[in-house]
Structures are given as structure tokens and as C-alpha cells.
Amino acid sequence: AQKITQTQPGMFVQEKEAVTLDCTYDTSDPSYGLFWYKQPSSGEMIFLIYQGSYDQQNATEGRYSLNFQKARKSANLVISASQLGDSAMYFCAMREGGYGNKLVFGAGTILRVKS
Amino acid sequence: DSGVTQTPKHLITATGQRVTLRCSPRSGDLSVYWYQQSLDQGLQFLIQYYNGEERAKGNILERFSAQQFPDLHSELNLSSLELGDSALYFCASSVGETRQGNEQFFGPGTRLTVL
């Protein structure tokens, strides 16, 4: 079974608007972490934001916030005030169990920001 | 710049050959992870080392091997290469097994093309 599901293969957003990228996960481990990475066309993987399973508040990093709904097992990424430079592939990933464990990635969502 | 370095950036070789990919983690990071990104399989975890010892194995082929040296750099060896091994190989590093240091930072990747 898929552990990380990103149901949106591609998304368009108008510059300066907000966009939500969906991610659902599946685990029976009470301790886990959720990550979002950005991969621009140049290929590098850029860490954006992290949410731990025991964190009470949603994580925020600048224009990025993670809408964590534990009961629904969803960890959606919200990008506010989209910029042209946000056009990239976005990956949701999960770490099960202890800190330092491997990441399992979703298939990714391609985001295109229109001017 | 994540602080993780990988060499070479590009590698073109023939089927049946052997190659070595090199990774230097961020200063102070003890964990090194190798991931493979291909069009058909997506991003997959291969293997993890922590302070010189193998910590976890993923879907790594028997033709592939890795090690982490005392100075914490790591090498991924791919042998008897096949066309299907063509992919982007990422190295990532993290501080280790604490909440504060559990984010994985990725290198720029090595793009391997097998002809």
C-alpha cells in the first residue's frame, strides 16, 4: 500500500495567490515525521518544512505552512503569495519511527505559477 | 547550498561497467542516506549509514554497495550496470537521531546515464 499519496499530478496557481498541495499518509507508528521538499528543474532537493507527529501546532516556515490533520492523516502544504520561482516539483515525505530513519516519498506534484 | 557535496555531477558509462559515486555530508552530520530517483520508480531509499555503520537498507540491488568512511564521507558503488540503472542518485545527510537534527539535507545529485 502507498504510504504517501499525492493525488495532484499538476497544479496551476496565479502569482501572488495561495495554493495548497495535498498529501495523505498511512502509518500505524505513533511516532513519525512529515516533510516537504521542493525540486526545481535544476534537480536539487530543497528542504522546506517539517512536522512531527506529536507537534501540537502546525509548522510554518516563511511563506510555507503545513496543514496537519492527524485524524485524517493529511499533511497539506500551503504556499502563500506564490512567486514565479515557486514553480517546481513538490514532494511530501514521511519518516516512520525514530528520528534519523529513512524517508518515504510520494510521487510529487508539479506546481506552475502563472504571471 | 545544502552543504552536502556529491561528485561527479554527471556520469555517462556503458552497460556492464562499474562506477563509484561520492558524497560528503554537511559538517557535523553523522547520518548519510542514499536515494535513487528514476522516472518509473520515483524517489526510493537505498541505504543509510550512521557514524560509519550501516543502519538501514531499502530496495538496494545486490550489484550496489556502499560504505561510510571514518571521515564520514560515503561512497556508493554500482557494478554490472544495466540500462535501468540510469537515474539521479542523491545523497542526503542529517545530524542523526534527535528531533532537532532529523531534517535530511540533500546534495545536488549525480545523474548517471548508462548507454
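Right, let's walk through the structure included here.

**Side note on the pairing of strand β10 (residues 88-96) of chain A**
Residues and elements named next belong to chain A.
- Among the nine residues that make up β10, seven are buried, leaving the element largely enclosed by the rest of the structure.
- Here strand β5 (residues 32-39) runs beside β10; their pairing, made up of eight bridges, is antiparallel. Note that in β10 the partner of Lys38 across the bridge is Tyr90.
- Both β10 and strand β12 (residues 109-114) contribute to a ladder of three bridges, which runs antiparallel. Bridging from a neighbouring strand, Met89 pairs with Ile110 of β12.
- In this structure, β10 lies alongside strand β11 (residues 104-105), joined through two bridges in antiparallel fashion. The residue of β11 that forms the bridge with Ala93 is Phe105.

**A few points about the pairing of strand β3 (residues 19-24) of chain B**
Residues and elements named next belong to chain B.
- The side-chain alternation of β3 yields one buried face, formed by Val19, Leu21 and Cys23, and one unburied face, formed by Thr20, Arg22 and Ser24.
- Bridging between strand β1 (residues 5-7) and β3 involves three bridges; their strand directions are antiparallel. When the bridges of β3 are listed, Thr7 appears paired with Arg22.
- When β3 meets strand β8 (residues 74-78), the two strands line up antiparallel, connected through five bridges. Along β8, the bridge assignment pairs Cys23 with Ser74.

**Observations concerning the state of the cysteines**
Residues and elements named next belong to chain B.
- Under the definition given, this model contains two disulfides over all chains.
- Cys23 shares a disulfide with Cys91; S-S distance 1.8 Å. On the S-S bond that ties Cys23 to Cys91, the torsion sits near -50°, and the link is left-handed. Note that Cys23 is positioned in strand β3 and Cys91 in strand β9 (residues 87-94), a separation of 68 residues in sequence. There is no split in this pair, since Cys23 and Cys91 are both buried.

**Observations regarding the nonpolar core**
- In terms of nonpolar packing, the biggest core is built from 24 residues, with Tyr25, Trp36, Ile49, Leu77, Tyr90 and Leu111 of chain A touching the most fellow members.
- At four residues, β10 of chain A tops the list of elements feeding residues into this core.
- Core analysis: the next-biggest nonpolar cluster, separate from the first, contains 21 residues, Ile47, Ile60, Ala66 and Cys91 of chain B among them.

**Considering the packing of aromatic side chains**
- Applying the stated criterion across every chain, the model contains 16 aromatic pairs over all chains.
- An angle of 65° between the planes, with centres 5.7 Å apart, marks the rings of Tyr35 of chain B and Phe45 of chain B as edge-to-face. Of this pair, Tyr35 of chain B sits in strand β4 (residues 31-38) while Phe45 of chain B sits in strand β5 (residues 42-50), and the two are ten residues apart along the sequence. By the burial criterion, Tyr35 of chain B is buried, and Phe45 of chain B matches it.
- Aromatic side chains Phe64 of chain B and Tyr89 of chain B sit 6.5 Å apart centroid to centroid with 70° between the ring planes, which places their arrangement in the edge-to-face category. Highlighted residues: Phe64 of chain B in strand β7 (residues 64-68) and Tyr89 of chain B in strand β9, separated in sequence by 25 residues. For the pair Phe64 of chain B and Tyr89 of chain B, a shared accessibility class is recorded, and that class is buried.
- Taken together, the aromatic side chains of Phe35, Tyr37, Phe47, Tyr50, Phe91 and Phe105 of chain A together with Tyr33, Tyr35, Phe45, Phe90, Phe105 and Phe106 of chain B make up a single cluster linked through ring pairs.

Reading guide: rules and limits
- Residues numbered from 1 in each chain as written.
- Chains lettered and ligands numbered in written order.
- Predicted model: local features only at pLDDT ≥ 70, side-chain atom pairs only at ≥ 80, totals over all residues.
- Heavy atoms only, no water.
- Buried < 20%, exposed > 50% of the residue type's maximum accessible area, 1.4 Å probe, protein only.
- Helix = DSSP H or I, 4+ residues; strand = E, 2+ residues; numbered from the N terminus.
- Pairing = 2+ DSSP bridges.
- Disulfide = S-S within 2.5 Å.
- Core = buried A, V, L, I, M, F, W, Y, C linked by side-chain atoms within 4.5 Å.
- Phe/Tyr/Trp six-rings, centres within 6.5 Å; stacked < 30°, edge-to-face > 60°.

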